[in-house]
Amino acid sequence: MGIKIFLNIKSESINPNEINSSKTSKSDLVVKILPEKVLKIPKLGCINLHASKLPKYRGASPINYTLLNGDQHAGLTTFLLDMNVDTGNILLQEEVPITNEITYGDLYIKLSKLGAFLIRDTIKGISNNSIIPSKQDNNFATFAPKINNNIDCRIIWNNSCFDIHNKIRAFSPRPGAFTYFNNKRVKLFKSKIYPHNINKNL
């Protein structure tokens, strides 16, 4: 069957005109984070794309935390929206292997491209009733809150080389991990971990 889709993918909010557009177009499916009054409009629900395998890394910064924690895989999830943040029933998921060198910028582009295909497959699955939504297991939920640039991006040199390396790539190219040198703020965008036996006194 054909379905009417209402898209709002550019902003974090929706204005009254967009609400009216969704009503008058009699949309079957909505793609976006939306208030409750809009969630009730489409008969097939509202869906969103999230850059993790939910319930892992719920919140605003899933890609950053994937890299900060040195994960070997990133993820994508399409899910039905409800009134809580990233807690709705899962539609489709995909896991993506990543290297220890990939940066936020590179991973963002990679997931954006794959996410477009996942959204397409999700819409197709909803339209032909081939997708059965599944509940998230809250026992496995982890969180990726919004990044505080002045706190989260500062390099702590007492941390392990792995933590420092992960922080640099998690915030490259933006907002940029930083340190201070001669009282000047310096941002670092790339790093490499060398074998421990090169210089133990370094």
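Residues numbered from 1 in each chain as written. Predicted model: local features only at pLDDT ≥ 70, side-chain atom pairs only at ≥ 80, totals over all residues. Heavy atoms only, no water.

Peer 1: Please give an account of helix α6 (residues 161–170) that cites residues and values.
Peer 2: α6 sits mainly inside the fold: seven of its 10 residues count as buried. Of all the positions in α6, only Ile-164, His-165, Asn-166, Lys-167, Ile-168, Arg-169 and Ala-170 are classed as buried. On its buried face, α6 sits against α3 (62–68), α4 (104–127), α5 (149–152), β6 (177–181) and β7 (184–188). (Buried < 20%, exposed > 50% of the residue type's maximum accessible area, 1.4 Å probe, protein only. Helix = DSSP H or I, 4+ residues; strand = E, 2+ residues; numbered from the N terminus. Contact = heavy atoms within 4.5 Å.)

Peer 1: Explain the pattern of salt bridges to me, and be specific about the residues and the numbers.
Peer 2: On inspection of all chains with the given rule, the structure shows three salt bridges. Taking the shortest distance from any N to any O, the salt bridge between Glu-95 and Lys-53 comes out at 4.0 Å. Taken together, the residues span a long stretch of sequence, with Glu-95 in strand β5 (residues 90–97) and Lys-53 in the loop between β3 (46–50) and α3 at a distance of 42 residues. Note on Glu-95: relative accessible area 45%, which makes it partly exposed. Measuring nitrogen to oxygen at the nearest pair gives 3.1 Å for the salt bridge that ties Arg-120 to Asp-121. Note on Arg-120: relative accessible area 49%, which makes it partly exposed. (Salt bridge = Lys/Arg side-chain N within 4 Å of Asp/Glu carboxyl O.)

Peer 1: Describe in detail the pairing of β7, supporting the description with residues and values.
Peer 2: Summarising the sheet, β6 and β7 pair through five bridges and their orientation is antiparallel. Bridge assignment links Thr-179 to a residue of β7, and that residue is Val-186. (Pairing = 2+ DSSP bridges.)

Any link to function would need more than the numbers given here.
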